Amino acid sequence: MAHIPAATLGNKNKKHFLGVPAPLGYVAGVGRGATGFTTRSDIGPARDANDVSDDRHAPPAAKRKKKEEEEEDDEDLNDSNYDEFSGYSGSLFSKDPYDKDDAEADAIYESIDKRMDEKRKEYREKRLKEDLERYRQERPKIQQQFSDLKRNLIAVSEEEWANLPEVGDSRNKKQRNPRAEKFTPLPDSVLSRNLGGESATAIDGRSGLASMIPGVATPGMLTPSGDLDLRKIGQARNTLMNVKLSQVSDSVAGQTVVDPKGYLTDLQSMIPTYGGDINDIKKARMLLKSVRETNPYHPPAWIASARLEEVTGKLQMARNLIMRGCEQNPQSEDLWLEAARLQPPDTAKGVIAQAARRIPTSVRIWIKAADLETEPKAKRRVFRKALEHIPNSVRLWKAAVEMENPEDAKILLSRAVECCGTSVELWLALARLETYENARKVLNKAREKIPTDRQIWTTAAKLEEANGNIHMVEKIIDRALSSLSANGVEINRDQWLQEAIEAEKSGAIKCCQAIVRAVIATGIDEEDRKQTWIDDAENCAKEGAYECARAVYGYALSEFPSKKSIWLRAAYFEKNHGTRESLETLLQKAVAHCPQSEVLWLMGAKSKWLAGDVPAARGILSLAFQANPNSEDIWLAAVKLESENAEYERARRLLAKARASAPTPRVMMKSAKLEWALNNLDEALSLLEDAVKVFPEFAKLWMMKGQIEEQKDMLERAAESYNGGLKRCPNSIPLWLLLAALEEKRNLLTKARSVLERGRLKNPKNALLWLAAIRIEIRAGMKDMANTLMARALQDCPNAGELWAESIFLEARPQRKTKSVDALKKCEHDPHVLLAVSKLFWSERKLQKCRDWFNRTIKIDPDFGDAWAYFYKFELQHGTEQQQHELIERCNAAEPKHGEEWCKVSKDIANWCFKTEDVLKAVVRNLPTPI
């Protein structure tokens, strides 16, 4: 066997892949789950060999040089100067030239920044203020924390201040307060005696305790023998206290008694009434002191200072200040008056006397001096002294005259008009005190002295009227106007009319009429005369000057005799404020000038009829027929006159003539109504059947026909009449209501509901139809359905007072008040709502409120009869006979015609002859009391 060399054996054991490049994508150990990774040596260095070096390893000197160069070039362009919002603090183009465009751009940016800053300024300041307040609340200063305690230090007395210890001064307390009383605790030996059941009333003088009690003998002094009695010491102390109290209660005048109530009152008066901050008072004092020192001759500063001290309760300081001010400003009457006010009455007299010596020409000071006097004699003396210094003061003369009796006053006034010749009041006062002849002389002198005053002239006219010289009144007024005009005085008609009103109030009727006639046409344009005079008359009537108003109407009618409107206003004025005779006289003149005015004829006839003069009323109506032939109003007025006086045959004949000559729906209706009232039902039905053929659009004819058929118990025919009327008059609400009531009467509730539903479709937003439907449900006992209908009705008619009034009493008692408030918000001035609120107060027994609300109701709508009826029932239960009588008179004057309960009685044919008072009492009998 051949020998194999060792090198050959080594090559056989070597792996064939060693030294061979790894295949593409090979990762060592991937087969056993290892993960491959890459190192820096696998990818090579971070920089390429050809890159420029960054000199990180350059010498230090080179580095410094390069850094300085960079800082020179880009001084501000580094990261430390960079801000996320504002960028670099430096300019990127600082090396470039700065031209006009750059300046313009900078100005624009600056204006924009300023505008944006202004927008945010208010919010920013508000935010800063809130943060500051919150910070101060969370972290207040010590000064603020103790400010209230520091303010209370004002109540600390000087003794308490002296007893406050100094910091670290406890050792020197003895030297600081050598007179302080020393107290020694009671020894245990005394306590042990008491605890042992002994009653110790004395101190052993040998025990050494006696030296601790002031006034008891001390060692080295003479001491009494035996023990010291504590009980006697207590008794002696009480005796000493009683002696001191007795001494205090004594006075020079004798024994006085301390009044505890008065003492407390005095204490109360010492409490300052000012409740403000003490710091404000201090500031005010400083400011006023500065003002006084700067200008001590400024009186308001002294007055303000004194009043500040007065307010803060320091009255004596206020008096001292004001007196110092008077010394500085002796010629200021305000200061002297303020000083007199602040002083007590006795001192005030001396102050005001001093003021009068300093300023003898001050009227106010003399008036104050007189006010301080209590006796009339002293007051008169002061006034006369004042008049010696100031003889031309009207105020002083008037005050002096008021203190005198008539005879002395006359003498004073004679002197007063010499000194004050231009005072109208003094001349007139003298004229009132003189006799007729002397008064005329006084007024003549007054006219010479004061030729431009109208009051002197009017007083002269009143004087002549009062003495029976009526013919002189108008002459004086005419002369007054011409004289005043000649002296350059403008004639103001408003002032003169006011003078006329004053003259009437003083009882000078002829004078006021003369003034009205003289000035009524002054300063008015031709086209404005009628309306202006009517306004003047109404204003006079409002002020209660009825004679002036009558004079204005008289003048206007003399200028416009054919104006019916003025005659009517004058007639209504006489009806309301005049007598029956004056009204009839005026109406006679009126129909003479306006014969075609039917209203004036009818007013005259009614006045005669109300006075009981039926023949005169017939005569007026016959004259009216001649002036207005075939006038419906006059025909019907004549028929009413005859029927009211039981002349039924004459009324029938008049109606027959009227139907023949002037066949109108109202004439046909009145004809049928007369027969119906006289219970001639067949004749009435015959007339109505003919009438509805001729006047089918007149709903009242259908209503009367159906009601007569109901009265005859012909319900089917009545329903046909109502339906026939609704075909011709679908907008007649009473017809719908009558038909629904008829169906309900026949117990056909479904049909009644259907009728009202049809009516609401034909007449939307009608409160009366809704109300009728609601009441049908209430009468049927279906309250839930009624409430549902009420809600729908209020949505459909939100401002209907009838519905709101009904809804108040649909609620339970606790909810009625709330409902009434809602109703008043929606319908504040509706009479139905006001009446419902009145009934609500009545049910709650709030009688005065109820009466007030009833008065409001009838004032808002005097034609609302239901309000009068409920009010009268209320007065019958809770009022006096006088109140009931006054209410009946007011109701008769108002003559109400409407209202649901009122019309049930007044429209009932059985009550066709009832007057207003009869209707009122009949309605009250059927009214329920609110509960």
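Scroll up a little and you will see the structure.
All values reported here derive from a predicted model rather than from experimental measurement.

(A) Representation of the pattern of salt bridges. Inspection of every chain in the model, using the stated rule, returns 46 salt bridges. R307 is the partner of E338 in a salt bridge, and the nearest nitrogen-oxygen pair spans 2.8 Å. With E338 in helix α15 (residues 333–342) and R307 in helix α13 (residues 299–311), the pair connects residues that are 31 residues apart, well separated along the chain. The exposure class assigned to E338 is buried, which follows from its relative accessible area of 4%. Judged by its relative accessible area of 42%, R307 falls in the partly exposed class. Among the ionic pairs, R569 bridges to E538, the shortest N-O distance being 2.7 Å. Of this pair, R569 sits in helix α29 (residues 564–577) while E538 sits in helix α27 (residues 529–542), and the two are 31 residues apart along the sequence. Look at the salt bridges and you will find they share partners, linking R307, E310, E338 and R341 into a network.

(B) Quick peek at the nonpolar core. In this structure, I365, L396, W496, V516, C548 and L600 are the most contacted members of the largest nonpolar core, which totals 129 residues. Summarising the domain contributions, this core has at least three residues from each of domain 1 (278–434) and domain 2 (451–560). Non-local contacts of V516, meaning those with residues more than four positions away in its chain, are made with L497, A500, C548, A551 and V552.

(C) Summary view of the packing of aromatic side chains. Tallying each qualifying case throughout the model produces 10 aromatic pairs. A ring pair is formed by W842 and F854, whose centres lie 6.2 Å apart and whose planes are at 75°; its orientation type is edge-to-face. Highlighted residues: W842 in helix α45 (residues 831–843) and F854 in helix α46 (residues 847–860), separated in sequence by 12 residues. Both residues of the pair, W842 and F854, belong to the buried class. Judged by centre distance (5.4 Å) and plane angle (85°), the rings of W842 and F874 are edge-to-face.

(D) Summary view of a nonpolar patch on the surface. A cluster of nonpolar side chains, contributed by I108, Y109, I112 and M116, occupies part of the molecular surface with about 390 Å² of accessible area. Relative to the assigned elements, Y109 resides in helix α4 (residues 100–138). Among the residues examined, Y109 registers a relative accessible area of 56% and is labelled exposed.

(E) Structural detail: a positive patch on the surface. Where like charges cluster on the molecular surface, the positive patch consists of K640, K670, K673, K700, K897 and K907. Topologically, K670 is positioned in helix α35 (residues 665–677). The class of K670 is partly exposed, set by a relative accessible area of 30%.

(F) Structural context of the packing of helix α12 (residues 278–294) against α13. Between α12 and α13, the shortest axis-to-axis distance is 9 Å and the interhelical angle comes to 155°. What the angle tells us is that α12 and α13 run roughly antiparallel. α13 is crossed by α12, and the crossing has left-handed handedness. Across the interface between the two elements, I281, A284, R285, L288, V291 and R292 of α12 pack against A301, W302, A304, S305, L308 and E309 of α13. Tallied by class, residues from the contact of α12 with α13 come to 8 nonpolar, 1 polar and 3 charged.

(G) Main features of the environment of Y555. On the secondary structure map, Y555 appears in helix α28 (residues 546–559). Look at Y555 and you get partly exposed, because its relative accessible area is 21%. In this structure the C-alpha to C-alpha distance between Y555 and R517, which are 38 residues apart in sequence, comes to 6.8 Å. Excluding residues within four positions of it along the chain, Y555 makes contact with R517, I520, A521 and W533.

Quick notes on the rules
- Residues numbered from 1 in each chain as written.
- Predicted model: local features only at pLDDT ≥ 70, side-chain atom pairs only at ≥ 80, totals over all residues.
- Heavy atoms only, no water.
- Salt bridge = Lys/Arg side-chain N within 4 Å of Asp/Glu carboxyl O.
- Helix = DSSP H or I, 4+ residues; strand = E, 2+ residues; numbered from the N terminus.
- Buried < 20%, exposed > 50% of the residue type's maximum accessible area, 1.4 Å probe, protein only.
- Core = buried A, V, L, I, M, F, W, Y, C linked by side-chain atoms within 4.5 Å.
- Domains from an automatic or database assignment.
- Contact = heavy atoms within 4.5 Å.
- Phe/Tyr/Trp six-rings, centres within 6.5 Å; stacked < 30°, edge-to-face > 60°.
- Patch = residues over 30% accessible without salt bridge, like charges linked within 9 Å, V, L, I, M, F, W, Y side chains within 5 Å.
- Areas by Shrake-Rupley, 256 points an atom, 1.4 Å probe, with all protein chains shown as cover.
- Lys, Arg positive; Asp, Glu negative; His and termini not counted.
- Charge placed at Lys NZ, Arg CZ, Asp CG, Glu CD.
- Axes fitted to C-alpha atoms, helices over the stretch in contact; angles between N-to-C directions.
- Parallel < 35°, antiparallel > 145°, perpendicular 65-115°, else oblique.
- Left-handed = near helix turned anticlockwise from the far one by under 90°.
- Nonpolar A, V, L, I, M, F, W, Y, C, P; charged D, E, K, R; others polar.

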